[in-house]
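# Analysis of the macromolecular model
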Amino acid sequence: MAKRKSYGGDGIHTGKKQKTNHVHETPTSEEVYTGRQLRHLLTFEQDLHKARHGLQSFKNVLDSIVNNDEKMSDHMQIVLDFLDSSKPREVEDEVPVYLPDIMETWSMASQMNNENVMSAVAVVLALLLKIMSGNVDLVSHGLGICRTLLQKRQQELIAKNLSADKGKDFVISPTLRLLREVISLDGGALAAPVFRARSNTFKSLARNMGLRYIGEGKEDPKRPSVRTNATRLLLSSLKLLHTEAKRELLLQKDLVAALMRNLRDDPPYLIYEILDILKTSVVQDKKLAKDVKIKILNTHSLTRIASLYGYSKEPANVEDGAESNHQLSVEDAAHEILLATCTDSTVGICRLEQGYYPEGINPDAFMADTESASYLDFGLDSIPWMNKFVNEIPVRNKLLAEFIDSLRPWSNTKQSELLLAIFEASPELIACYFIHKKSFTFEPKLSATWIGYAALLYSVVQLPIPRFFGWSNDYAAVPPPTSVVLDNIVPPPMTLKALTKCLANKSKLVSFYAIRLLVLALEKLGRALEMHREASSSPNSIWQEAARRLVDDFSQRIPDLKDIITCYRTLADGDLLQREAASRLILLYYEVIPQVALRAKFDVSPILLATIQKVEASDGEGEDIALSLLELEHLCAVAKYSPGMRWFARASDMPTSPFTTLLRLYTEKTTALSGDTLSQVLSYVADEFQLVESSPEFSGLDPLITALKNSGKIDSIIWSFIDNCAERCSRTAIKYLEMIEEHMAKVDADTQGQMRACPLLMCMVEQLPFLVSNSPEKGILKQLAGFLREYLRQSLVAGVDRTFLNSISNLSIAAIGDKKLGAKITLPKVSGALSQDATMLDDGLEAATLSTKETKEGSSIRLSPQELEDKLAVPILTSKENSLLKWSSKPPEELVEEGHAASLILLLSSEHASIRKEALTNVIKMAAKIKESTYEENEQIWLLLMELSESAKDLITSGPLPSILIVFACRALDILKNPLYCLYEKVNLFLTSGPVWQADKIPLMKTILQDGPTMDGHYYTEISWLLGFLVDSLRTPQDVALFHQRKVYEQLFSLPVNPYMGPNLRIQVLRILYRTTTIEGGSDTVITRFGAMSWLVAQKTVSADDMEERLYQAMIRRLWETSFKVKTQSHGEEQQEMRQVVARPTQGNNSPRLQDEPDKALNIKKKFISRDQIYLLSILARTQTFASAALSTALCAQQRPPPTTTHHHDPLRPAAVFLAVDRACVAYEALAPAPVGPGQTLLKFCDDSSHLER
Amino acid sequence: MAGKDPKTTAADFTSYYLQQSTKEFAEDLDKIRSADDFKADALPMLIKSLQQGTSMFSAADQQRIVVDARQASAATKSAGSEKEST
């Protein structure tokens, strides 16, 4: 047997930097060759020196295995043999003890307080377990050892080791390592039991976690400090414990605090480990409740983690090489976990909150009970909490609020990123943050901190407004507190004072930053106002009030527009970004808060002119020109809003007015660069000053713009000519409109309505002779001719009337005087044009030819006004001669039957008071006479006359008796004399219902229209009587007013909707309408109040035969011609629409009819729902009286089978009527901004309306 | 004129914006760099703050400024040089 080789003390403690007073004796050891030898070495010995010798020898074996050296396999065999031989026998009822000798030695050492052995046992066991956990075959044996360690006796030994004095690292660290091995063995099989025994196993853990490396230099990763070992134990537990145990572990406050305390002083590899476990085992553990996570991720911890921002960036990887392969820096790792923790409401600690609504308030509480809802009528101030949150805002994420307060977002981009991410996830924190951050002042100072502040504010203002202001799924009943919304748009540090100072600051950067912030704030305000509009149900709602208050309060917080303008004026030409931003800001003032902007009375023209000149003259880089152009566009848009802008005035230093200069700039220089803004502004101005006639789909200025673009560069003389014409035209647009009318007088009046002309062209032709008389060079004339030719052609393509253009072209040729040049201007002929022209003009020509054809056909079948009168005029009732005296000589029968009574009654409407009085006396006398007579109906006639006189008594003193009463009396007489007449009962009921007739009501109308006929089958007879009665009652403007007031037209217009109503009755309705047109103001009333135009258009389309169709068309013309207000007061566009409707000829036999050919109904639909009709329908749809027209629209668009039952009543039910009106209005709203295809929406509306009837 | 990747356009615009702002604010930027509180982390913050302004420009405007305008000026230049050569 070879001599045992002794090792001299290359022990584990050599080179340890730990400064302790403990004196180490170097352990001895020997080489081990067999398992048997090892077992012998480890046999329990009273002599602890020997025991230590054995343990040290074992350690050498284990080290060799762990280090994988050349003897590794031999040593492994030794260990296996040893383990095999020392395995305890399984004895019933006895807990097996593994490695009993070592445990005995440990116990003995503990009793003797021999720390060297206590340490050595822990070291050896830790190494052994480490090896075992790497070897699947040994795991079960390892578990046995671990269970032995968890036995009471061993637990106490462990506890004693752990609670060794602070300096005894060599005892504590191996024990911690041992425990970590126990916990980790077999995937944490024993983690829970270890944790259950925490009173021993985790003994002094918090203290141990505080035992940092205190030597010089850095902690050596190979010799981890007690803190590192203790922390790793904790981390392993966190990683391997199941949720319930983990929850309990996290509730150990001292451990959590110890983990996080002075995190910043830990070595990078430990920090990575901590952050990694926090992320994977705490934050991302979905089973772990939020309130448990908060135990470890509390404000204190978050602040500690945030303290890692700015952690020294020296790479940890150099020293510990392979141990950490982290891609991220410590800072990034901390940032990542903070982001996950603070912004993710599903896994992190961030809680769902209610955005701009402070915690604890419920804006929908006002909805629930009607009592508080009605109390909303008192406005915003009636909401108790509305003004409460100016200085303090309660939040749900208190923890986060506290945490973000500790960040320094202005000095570190990562921290700023984190803060913004938190704000975005929990918008409730924004206002609260700034309210608490009192030290945060935005007073201008050119320093890094101020720049940081500005950057933060920029990002905060840029944050989106949460959907529905943060309220769950829809807008709440009540808006969020104004102060909170405002603080989100203009954070509190952006005070008026600070902003004004910034603008006035001599540093350009400071004012630039302030301007940018204001731009963002105004844009955000615009969005907030938009959201308020979306949320409000009516113009007077509480949301609208909040919006107004928001604007008011906002205006108090931002500088006056004047300050911005002053700042803008000081900018140099080269300050492109600043100029662009300032002009953008000015424009936003006009767009978002016009009331504030207009107060500044800013005259934009000088600045605009200067900018135009600058852009014209600029020859810098492309980017710079584009930027200047943007500035120019902003200014142009401002000019559009400012009322004082003089578009056509020539400044002294400019050759042309701003309008023409812009036009030139747009067509010559910057076409490629400009967006639509410039052309939009130009078109807007041209329309506004009536230089051109535009339609919603098409700008009247386009032909000129295209012509100028196609003409290439043109001479300045021509530009001044254009400028001069534009200026003249803008000044006296009426003059040129009249000139157009004069020129067009010869053209058939029918086409005039739909004709498109161009005042500017008219003006050019008028001015052309003057230009030519100045005898400019031939080249210029040639250019001019070319331009005019192009302009005329483009106009033709754009749909300007051909006849008009021809006459313009002729005038131009005459003015130029040169035949050769003149020929250039001539418009291409319809047939003989060049092929190129032919294609170019194709559409225009086709349109032109079509329209002439239509006109001819139309006129041939049109009713003349005389014919119309013959058909529809009804003579006005007049009294016979000598009515006052004649009656007295007649017998009672004759009085009634021959009409003497009626004639006398009519005198009550005489314009002479004396006649009226005389007539009244006679009526009373007549009544008396009839009553006393033997005339069969004497009682009723007497009653009628007496009620009439009673009603008239007071009225005739002030003026003629209203026609309605007179005519009713006359008509009722006719009924009373014939008891078999279907209305006999109704009239009698009416007479007995009261002694006096009300002058502001229409007798019998309601009973006839709504109650149905007294006798079956007499519905239409009754209607016919009513229509006759109504037409006679219409004599004066007062009568029209009464009809208006009682909504007679509305009911009349709905009558023909009934498909069973005969043509005669329909004509009777038209007669009433015709009579209305003969009375002053009548046409205006029915057009503007009752949608008569559109009703007629609708009727025309569904009319049964050509005659009726023509009648309707003629009636349309009649209405138009007799309307005064509509013609004179409507705007150009409306007028044009009207004219088109009026001038549209009837379609003759080609017209498809719904009744005859149901399959063509779709065509009718399409034809009927044309742009102009919709327009009319909708502009007239201001009142509910439009209902009938709207519903007839719906009905005619619908292919419905005729109803199976006869309609006795008005087929329109009130609810349906209102709904139809509502739809029509909605359709109008939807159509108004749509440039093309407006019919689509109305078609849909019509389809929907077809359900109304059911 | 389009057809360029929006990301490239945005990057081009940002670089133009930064270039232009350093031109316009050269003096102020120097002052900030010499301020007491200008430390290591301040430079990225300064650049970030300048760069923020690009968000005021819509994608279409960015495209106009850096793509269309460049092409337009290149076209004029080449037209000019052709003239010179002929």
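Residues numbered from 1 in each chain as written. Chains lettered and ligands numbered in written order. Predicted model: local features only at pLDDT ≥ 70, side-chain atom pairs only at ≥ 80, totals over all residues.

As annotated in an unreviewed UniProt entry, chain B carries the name Ribosome assembly protein 3 and is attributed to Xylaria flabelliformis. Under the UniProt heading Function (unreviewed entry), the note attached to chain B is "Required for efficient biogenesis of the 60S ribosomal subunit." As stated in UniProt under Sequence similarities (unreviewed entry), the record for chain B gives "Belongs to the RSA3 family." (UniProt positions renumbered as here; feature names shortened; annotations may be inferred.)

Another aspect to go through is the overall build of chain B. Along the backbone of chain B there are 4 helices and 0 strands. The helix and strand sequence of chain B, counted from the amino end, reads α-α-α-α. Evaluated residue by residue, chain B yields a buried proportion of 27% over its 86 residues. (Helix = DSSP H or I, 4+ residues; strand = E, 2+ residues; numbered from the N terminus. Buried ≥ 20, exposed ≤ 12 C-beta atoms within 10 Å, placed from the backbone.)

Here we come to the overall build of chain A. For chain A, the helix and strand inventory stands at 68 helices and 0 strands. The 1254 residues of chain A split such that 46% are buried. Once local pairs closer than 6 in sequence are excluded, the contacts in chain A between residues at least 24 apart make up 74%. (Contact = placed C-beta atoms within 7 Å.)

Moving on, we come to unusual backbone geometry. All names here are of chain A. Even without a glycine there, the phi angle at glutamine 690 is positive, about 55°. Within the element layout of this structure, glutamine 690 appears in the loop between α36 (677-688) and α37 (702-711). Of note, lysine 1047 is a non-glycine position whose phi angle comes to about 60°, a positive value. For lysine 1047, the location among the structural elements is in the loop between α56 (1037-1045) and α57 (1048-1054).

Attention shifts here to the interface of chain B and chain A. Interface size is commonly expressed as the accessible area that is lost once the parts come together. Across the boundary between the two partners, chain B contributes 32 residues, which contact 34 residues of chain A. When residues of the side of chain B that touches chain A are traced back to their parent elements, those giving at least two are α1 (6-24), α2 (26-33), α3 (42-52) and α4 (59-85) of chain B. The biggest single contributor to the side of chain B that touches chain A is α4 of chain B, with 10 residues. In terms of residue class, the side of chain B that touches chain A is made up of 15 nonpolar, 7 polar and 10 charged. (Nonpolar A, V, L, I, M, F, W, Y, C, P; charged D, E, K, R; others polar.)

As a further point, take the packing of helix α31 (residues 576-592) of chain A against α1 of chain B. Running from amino to carboxyl end, α31 of chain A crosses α1 of chain B at an angle of 100°, the nearest separation of the two axes being 8 Å. When the axis of α31 of chain A is compared with that of α1 of chain B, the two are roughly perpendicular. Contacts between α31 of chain A and α1 of chain B pair Leu576, Leu577 and Gln578 of chain A from the former with Gln20, Ser21 and Glu24 of chain B from the latter. Its residues assigned to classes, the contact of α31 of chain A with α1 of chain B shows 2 nonpolar, 3 polar and 1 charged. (Axes fitted to C-alpha atoms, helices over the stretch in contact; angles between N-to-C directions. Parallel < 35°, antiparallel > 145°, perpendicular 65-115°, else oblique.)

This part takes up helix α55 (residues 1019-1033) of chain A. Each full turn of the α-helix corresponds to 3.6 residues, which orients residues three or four apart in the same direction. Residue and element names in this part refer to chain A. Compared with an ideal rise of 1.5 Å per residue, which puts 15 residues at 21 Å, α55 spans 21 Å between its outermost C-alpha atoms and is within 8% of the ideal. For α55, a buried count of 11 out of 15 residues is recorded, marking the element as mostly surrounded by other parts of the structure. Taken together, the buried positions of α55 are occupied by Tyr1019, Glu1022, Ile1023, Trp1025, Leu1026, Leu1027, Phe1029, Leu1030, Val1031, Asp1032 and Ser1033. Among the structural elements, α52 (963-976), α54 (1005-1011), α56, α57 and α58 (1063-1078) are those in contact with the buried residues of α55. (Expected span 1.5 Å × (residues − 1).)

The next point concerns helix α3 (residues 72-86) of chain A. All names here are of chain A. Compared with an ideal rise of 1.5 Å per residue, which puts 15 residues at 21 Å, α3 spans 21 Å between its outermost C-alpha atoms and is within 8% of the ideal. Along α3, the positions that sit buried rather than exposed are His75, Ile78, Val79, Phe82 and Leu83. The buried residues of α3 occupy one face: seen down the axis, they fall within an arc of 130°. Exposed side chains of α3 directed beyond 90 degrees from the buried face belong to Ser73, Gln77, Asp84 and Ser85. Elements in contact with the buried residues of α3: α1 (35-42), α2 (48-66) and α6 (139-149). (Arc of directions from axis to C-beta.)

Attention now goes to the environment of arginine 1035 of chain A. All names here are of chain A. Along the chain, arginine 1035 falls in the loop between α55 and α56. C-alpha separation for the pair arginine 1035 and isoleucine 964, spaced 71 residues apart in sequence, amounts to 9.1 Å. The contact partners of arginine 1035, leaving out residues within four places of it in the chain, are Ile876 and Ser963.

Moving on, we come to the confidence of the model for chain A. Residue and element names in this part refer to chain A. Taken as a whole, chain A shows an average pLDDT of 79; of its residues, 80% reach a score of 70 or greater. Predicted confidence for residues 1145-1192 stays below pLDDT 50, and this span has 122 contacts to residues more than four positions away or in other chains. Scored below 50 in pLDDT, residues 1194-1222 makes 60 contacts in the model with residues more than four places away or belonging to other chains. (pLDDT = per-residue confidence, 0-100.)

The subject of this paragraph is the packing of helix α24 (residues 428-436) of chain A against helix α26 (residues 482-489) of chain A. Residues and elements named next belong to chain A. Their axes nearest at 9 Å, the elements α24 and α26 cross at an angle of 80°. With respect to each other, α24 and α26 are oriented roughly perpendicular. Contacts from Ile430, Ala431 and Phe434 in α24 reach Val484, Asp487 and Asn488 in α26. Counted by class, the contact of α24 with α26 contains 4 nonpolar, 1 polar and 1 charged residues.

Within the secondary structure, proline 865 of chain A is located in helix α46 (residues 865-872). Sequence separation of proline 865 of chain A and arginine 1117 of chain A is 252 residues, and the distance between their C-alpha atoms is 8.9 Å.

Below, the discussion takes up the confidence of the model for chain B. Here chain B averages 82 in pLDDT, while 80% of its residues score no lower than 70. Here the complex is predicted with pTM 0.64, and the ipTM for its interfaces comes to 0.92.

Residues and elements named next belong to chain A. Note that serine 107 resides in helix α4 (residues 100-112). On a C-alpha basis, the gap between serine 107 and valine 121 in space is 10.0 Å, while along the polypeptide they are 14 residues apart. Among all residues touching serine 107, those that are not within four sequence positions of it are Arg153 and Leu157.

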